[in-house]
Amino acid sequence: RSDDNGPDIYKGKICSLKARALLIDMEEGVVNEILQGPLRDVFDSKQLITDVSGSGNNWAVGHKIYGCQYRENIVEKLRKTAEHCDCLQCFFIIHSMGGGTGSGLGTFVLNLLEEEFPEVYRFVTSVYPSGEDDVITSPYNSVLAMKELNEHADCVLPIENEVSNNILFLSARFEGSLNMDLNEISMNLVPFPRLHYLVSSLTPLYTLADVNVPSRRLDQMFSDAFSRDHQLIQADPKHSLYLACALLVRGNVQVSDLRRNIERLKPSLHFVSWNQEGWKTGLCSVPPVGHSHSLLALANSTCVKPTFIELKDRFMKLYKKKAHLHHYLQIDGMEQSCFSEAICSLSDLIQEYNELDATKGGPRVDPSRLKIAV
């Protein structure tokens, strides 16, 4: 942007353009940092909801107490934001799983969106805690939040703190020879409603400061996207079963490059028998800043299962001892059945992935045709 573009630009900064976003946190420190940082002009100060005390690393406080307390305020600001959209494709939620506000109030907002805008897709980027995090109740918070994600999200992009600090942005706002809108991701990558967890990998991962890192060759970029080192959770995609996969490429890349690399990768990847051609592709002509091209891969794959198994194990270590349960059960509306239902929901999800994995390597069976009763 340049200064001669009119009053919207002042000293090279965009003055009137605001992110279509609602920032919510029950501890105001992080939001205040944003408002004082380099992005302060991007966010609308009227689209903030904060408190001062936080949720005490307690899902029940975030979901039950703050959810009820701020419900009307959240709905009002959500509607105001949605009304500014010419074409509302989806809601994109970014929240943490380990703390009280991210897990509790974050999934409360997810439920609100389903109630108020039932026809609009709900994409969620969930930041899962590492096994070494300093919040002792994070397994409780994460499993309680997982039940809500299983039931109310359309697509979930899990990221682990331990693996990467990178935040992904899709390129739907730029032109390209093969554009993909957000709704197509859910329609093409989620064949079963509950199995909507998409494993993200991004390449290249190095930052602009890494000036000595050579530019990746195009074919190497596709190989990297399916390697263990480039996943945003701890996962090995080569030994898992794929339901579907989307490749979103930015930069000077041709459709022929996409086709060639898909054919090259196919023999090393296991797809379910009924969706052997389960690839969705998108091309965006605008490269990311500082790179000639980049690739975001979104895989609906069973490689996400170990993350859920580890989370279940950490939950059970606490739950078997009934450790810290009283902090949750003292909240009105919170009962011990909430914990048992949440772990059952997670166990059922893991079992669904187990059943899929059991079919890997079996003979290819064409799905049965639809029979019409006459």
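Residues numbered from 1 in each chain as written. Predicted model: local features only at pLDDT ≥ 70, side-chain atom pairs only at ≥ 80, totals over all residues. Heavy atoms only, no water.

An unreviewed UniProt entry annotates the protein as Tubulin epsilon chain of Cinclus mexicanus. Word for word, the UniProt comment on the protein under Cofactor (unreviewed entry) is "Mg(2+)". The protein has a UniProt comment under Sequence similarities (unreviewed entry) that states "Belongs to the tubulin family." (UniProt positions renumbered as here; feature names shortened; annotations may be inferred.)

**Student:** Just checking my understanding: could you explain the sheet that holds strand β7 (residues 155–160) for this structure?
**Tutor:** For sheets, the rule is that strands pair by backbone hydrogen bonds, running either parallel or antiparallel. Across the sheet, 3 strands lie side by side as β5-β6-β7; this open sheet has parallel pairing. The two strands at the open ends of the sheet, each matched to only one other strand, are β5 (90–96) and β7. Direction aside, the axes of adjacent strands within the sheet are offset by 15° on average. Against the sheet, helix α4 (residues 138–152) engages β5, β6 (121–128) and β7, with an angle of about 155° to β6. (Pairing = 2+ DSSP bridges. Helix = DSSP H or I, 4+ residues; strand = E, 2+ residues; numbered from the N terminus. Axes fitted to C-alpha atoms, helices over the stretch in contact; angles between N-to-C directions. Contact = heavy atoms within 4.5 Å.)

**Student:** Can you walk me through the nonpolar core in this structure?
**Tutor:** Generally speaking, soluble globular proteins have nonpolar side chains that are buried together. Counting 61 residues, the largest nonpolar core has M146, L149, Y197, F308, M334 and F339 as the members making the most contacts within it. Aside from chain neighbours lying at most four places away, what touches Y197 is Y128, M146, L149, N150, V156, A299, N300, V304, F308, L349 and Y353. The next biggest cluster of nonpolar side chains, apart from the first, holds 20 residues, and it includes A225, F226, C245 and L269. (Core = buried A, V, L, I, M, F, W, Y, C linked by side-chain atoms within 4.5 Å. Buried < 20%, exposed > 50% of the residue type's maximum accessible area, 1.4 Å probe, protein only.)

**Student:** What exactly am I supposed to notice about the environment of D357 here?
**Tutor:** Residue position: D357 is located in helix α10 (residues 336–357). In this structure the C-alpha to C-alpha distance between D357 and Y242, which are 115 residues apart in sequence, comes to 9.3 Å. Beyond its immediate stretch of four places on either side in the chain, D357 contacts L241, T302 and K305.

**Student:** Please explain the environment of A225 as it appears in this structure.
**Tutor:** Take A225: it is sitting in helix α6 (residues 218–225). Since its relative accessible area comes to 1%, A225 is described here as buried. As a C-alpha pair, A225 and P237 span 12 residues in sequence and 9.5 Å in three-dimensional space. The contacts of A225, once residues within four sequence positions are left out, are S201, T203, Q231, L295 and A297.

**Student:** Which parts of the structure should I look at to understand the pattern of salt bridges?
**Tutor:** Two side chains carrying opposite charge are able to pair once their charged atoms lie near each other. For the structure on display, the rule yields 13 salt bridges. Of the charged contacts in the structure, one is a salt bridge between K280 and E184, with a shortest N-O distance of 2.7 Å. Here K280 is found in strand β11 (residues 279–284), whereas its partner E184 is found in helix α5 (residues 182–189), with 96 residues between them in sequence. The pair K280 / E184 is uniform in exposure class, with both members buried. (Salt bridge = Lys/Arg side-chain N within 4 Å of Asp/Glu carboxyl O.)

**Student:** Could you clarify how one ought to interpret the packing of aromatic side chains in this entry?
**Tutor:** Enumeration according to the criterion identifies 17 aromatic pairs in this entry. Centre to centre, the rings of Y242 and F271 are 5.2 Å apart; their planes meet at 20°, and the pair counts as stacked. A residue pair is termed long-range when its members are at least 10 positions apart, and Y242 in strand β9 (residues 241–251) and F271 in strand β10 (residues 270–271) qualify at 29 residues. Residues Y242 and F271 agree in their burial class; the two are buried. Considering the side-chain rings of Y328 and F339, the 5.3 Å spacing of their centres and the 85° angle between planes classify their relative orientation as edge-to-face. On the criterion of sequence distance, the pair formed by Y328 in helix α9 (residues 325–329) and F339 in helix α10 is long-range, its members being 11 residues apart. According to the relative accessible area criterion, Y328 is buried, its value standing at 1%. (Phe/Tyr/Trp six-rings, centres within 6.5 Å; stacked < 30°, edge-to-face > 60°.)

**Student:** Honestly, helix α8 (residues 305–319) in this entry has me stumped. Any pointers?
**Tutor:** Every α-helix winds through 3.6 residues per turn, so residues three or four apart in the chain are directed the same way. Over its 15 residues, α8 extends 21 Å from the first C-alpha to the last, a length consistent with the 21 Å expected when each residue adds 1.5 Å. Within the span of α8, buried status applies to K305, T307, F308, L311, R314, F315, L318 and Y319. For α8, the elements touching its buried residues are β6, α4, β7, α9 and α10. (Expected span 1.5 Å × (residues − 1).)

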